[in-house]
Amino acid sequence: DVTTNNPSDIYSLPSPEPTEKFKISEHKMKAIGHIKLWYQTMNHGGVAGGDEGFFNRQIDGANEWMSVSAHLKVTGDVNDHFSYGTAVQGASSMGTNSYLAVAEAVRPVSGADAGSEKIPFWFSEMYGIYTTGNTKFKMGRMELDTPLVYTEKWNAVTNTFEAVTLTNTDIPNTKLKGMWKTKGWH
């Protein structure tokens, strides 16, 4: 119902109530990152295609690999029960192919995969964590901390997995961890 004789009042909308601003300090957000230079060479016999020895940058020998990699991770808390994390990772030979190295140290399965010169950056982690008491339920793409799969962090880039983990610390000085993982990828 229009209760005014002024036609312009029909089109005016009430202004919304002011909303609270997002404050990083209240969400306990944290950003961490690193940059890594990775160069490797090897000399071992029996490699298909020929292994010409150390410091061979020829395409036929293909034993010099180099990558400059970067990793940036942001984590935060939404409330007392839910937290999150996301990370961007990238690797490139920075144009050193045929000069210092024959290829990247991060060698994808196909030319369109992450880590290749065509797509040098990708989301390596994106997960949520639900916490209740001393139990944490984590789900998404993440780095894992176990010696049972390829979880090493010393390589040119870290390996990540699509996984679900359940961690409980009810027993003093003991951490019980169960996990289901699939689709490992660098």
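Conventions adopted
- Residues numbered from 1 in each chain as written.
- Predicted model: local features only at pLDDT ≥ 70, side-chain atom pairs only at ≥ 80, totals over all residues.
- Heavy atoms only, no water.
- Helix = DSSP H or I, 4+ residues; strand = E, 2+ residues; numbered from the N terminus.
- Buried < 20%, exposed > 50% of the residue type's maximum accessible area, 1.4 Å probe, protein only.
- Contact = heavy atoms within 4.5 Å.
- Areas by Shrake-Rupley, 256 points an atom, 1.4 Å probe, with all protein chains shown as cover.
- Pairing = 2+ DSSP bridges.
- Polar contact = N/O pair within 3.5 Å; in protein donor to acceptor, adjacent residues only side chain to side chain.
- Phe/Tyr/Trp six-rings, centres within 6.5 Å; stacked < 30°, edge-to-face > 60°.
- Lys NZ or Arg CZ within 6 Å of the ring centre and 35° of its normal.

1. Structural notes on the overall build of the protein
On a plain count of helices and strands, the protein comes out with one helix and seven strands. By the burial criterion, 31% of the 186 residues in the protein qualify as buried. Partitioning the contacts of the protein with sequence separation of at least 6, the portion at a separation of at least 24 is 55%. Of the roughly 12800 Å² of accessible surface on the protein, a fraction of 58% belongs to carbon and sulfur atoms.

2. Some words on unusual backbone geometry
In this structure, Asn 173 takes a positive phi of about 60° despite not being glycine. Among the structural elements, Asn 173 can be located in the loop between β6 (160–168) and β7 (176–185).

3. A word on the environment of Ser 93
Relative to the assigned elements, Ser 93 resides in the loop between β3 (82–92) and β4 (121–132). Taking C-alpha positions, Ser 93 is 8.9 Å from Val 106, a pair spaced 13 residues apart along the chain.

4. So, the pairing of strand β5 (residues 135–142)
Within a regular strand, the side chains alternate between the two sheet faces. Taken together, the seven bridges between β4 and β5 define a ladder with antiparallel strand orientation. Bridge pairing links Tyr 130 to Phe 137 in β5. Between β4 and β5, which follow one another and run antiparallel, lie two residues, and Gly 133 among them has a positive phi close to 60°. By the bridge criterion, eight bridges tie β5 to β6 in an arrangement that is antiparallel. Bridging from a neighbouring strand, Phe 137 pairs with Leu 166 of β6.

5. A few points about the side chain of Thr 158
Tracing the sequence through the fold places Thr 158 in the loop between β5 and β6. A relative accessible area of 6% places Thr 158 in the buried class. A polar contact of 2.8 Å, which involves the side chain of Thr 158, links it to the side chain of Gln 89. A distance of 3.1 Å separates the side chain of Thr 158 from the side chain of Glu 143, its partner in a polar contact.

6. Concerning the packing of aromatic side chains
What the rule picks out here adds up to zero aromatic pairs. Positioned above the aromatic ring of Tyr 127, the side-chain terminus of Lys 138 is 4.2 Å from the ring centre.

7. Brief notes about the side chain of Thr 160
Within the element layout of this structure, Thr 160 appears in strand β6. Owing to a relative accessible area of 0%, Thr 160 belongs among the buried residues under this scheme. Of the polar contacts made by the side chain of Thr 160, one reaches the side chain of Arg 141; its length is 3.0 Å.

8. Overview of the environment of Phe 137
Relative to the elements of secondary structure, Phe 137 occurs in strand β5. For Phe 137, a relative accessible area of 35% corresponds to the partly exposed category. C-alpha separation for the pair Phe 137 and Gly 178, spaced 41 residues apart in sequence, amounts to 9.8 Å. When neighbours within four sequence positions are excluded, Phe 137 is seen to be in contact with Gly 128, Ile 129, Tyr 130, Val 164, Thr 165 and Leu 166.

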